[in-house]
Amino acid sequence: MLRPAKEQVKHLSPDNIAERSGAVFHGSDAVLELHSLNQTVRITVPEYTFYPRLEEWHQLVILHYLALADGTAVSDQIITYGGLKEGLIRGTKFDHDMEKELRRFLNRKTPDSVRKICKALGAEFTDGNADLCAVFHFLPKYPVWLKVWFADEEFEASGKFYVSKSADHYLSMEDAVTVGEILLTRLKTQADEEAGGANGIG
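First things first, this report covers the structure right here in the doc. (Residues numbered from 1 in each chain as written. Predicted model: local features only at pLDDT ≥ 70, side-chain atom pairs only at ≥ 80, totals over all residues. Heavy atoms only, no water.)

## A look at the overall build of the chain
Here is step 1: Within the chain, the regular secondary structure consists of six helices and nine strands.
Here is step 2: The C-alpha radius of gyration computed for the chain amounts to 18 Å, which stays within 12% of the reference 17 Å derived for 202 residues, consistent with globular compactness.
Here is step 3: If you line up the chain on its principal axes, its C-alpha atoms span 55 × 45 × 30 Å.
Here is step 4: Residues classed as buried in the chain amount to 44% of the 202 residues present.
Here is step 5: Pairs at least 24 residues apart make up 57% of the contacts formed inside the chain by residues separated by at least 6 positions.
Here is step 6: On the chain, roughly 10,700 Å² of surface is accessible, and the fraction owed to carbon and sulfur atoms is 49%. (Helix = DSSP H or I, 4+ residues; strand = E, 2+ residues; numbered from the N terminus. Rg over C-alpha atoms; globule rule 2.2 N^0.38 Å. Buried < 20%, exposed > 50% of the residue type's maximum accessible area, 1.4 Å probe, protein only. Contact = heavy atoms within 4.5 Å. Areas by Shrake-Rupley, 256 points an atom, 1.4 Å probe, with all protein chains shown as cover.)

## Side note on the pairing of strand 9 (residues 158-164)
Here is step 1: Of all seven residues in strand 9, five are buried; the element is thus mostly enclosed.
Here is step 2: In the sheet, strand 5 (residues 78-79) pairs with strand 9 via two bridges, with the strands oriented antiparallel. Of the residues in strand 9, the one forming a bridge with Ile79 is Val163.
Here is step 3: Relative to strand 9, strand 8 (residues 142-149) is paired through six bridges, and the arrangement is antiparallel. Looking across to strand 9, one finds that Leu146 is bridged to Phe161. (Pairing = 2+ DSSP bridges.)

## Notes on the sheet that holds strand 9
Here is step 1: An order of 5-9-8-7-6 is seen for the five strands of this open sheet, with the pairing classed as antiparallel. Looking at which strands have only one partner, the edges of the open sheet turn out to be strand 5 and strand 6 (124-125).
Here is step 2: The sheet contact formed by strand 6 and strand 7 (residues 132-139) spans two bridges and is antiparallel. Bridge pairing links Phe125 to Ala134 in strand 7.
Here is step 3: Packed on one face of the sheet, helix 3 (residues 56-68) meets strand 7 and strand 8 and runs near 75° to strand 7.
Here is step 4: Against the sheet, helix 4 (residues 90-106) engages strand 8 and strand 9, with an angle of about 130° to strand 9. (Axes fitted to C-alpha atoms, helices over the stretch in contact; angles between N-to-C directions.)

In short, geometric facts, not functional conclusions.
Structure follows, in structure tokens:
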């Protein structure tokens, strides 16, 4: 699965990749460096080996990002996945599925615990038309927004993922969906670690 993606980037200049993607190329070490969800990721060139060794889907998304990135400025305008170029069917379904998953994730969590979980993944918080708006830097030019509306007397807690309007310049629809799934998994894992720590486990 990774081999075709590696072949795709091997033919590109690392300096050009860095310029278009927001990564940094350290020529003396032949390493591309970028940040993903509060992690520093180093990628050797031309082998395109990852340190730390991320799970395979995460590596694949990054390789596709490095190949597709065209340097477009990140737009401040945010859209749903359904609003992406090829998002009418796949993106709309993803939006619907994620709303259900986020509802489960947010169930019985306090605003403070959700904020702590997000912060552990490098999120920054911004004002918006939600109770909490967290911006995750999944890749240098690929932010993902999580908007959360906490439970009240009438409604249960809910959440929704958004991406920048410039997202199509950096990843395909399928990769965009994979990013959302990776982020949800990382949120759940972080929540379990927080709960384990609170219960004195570990």
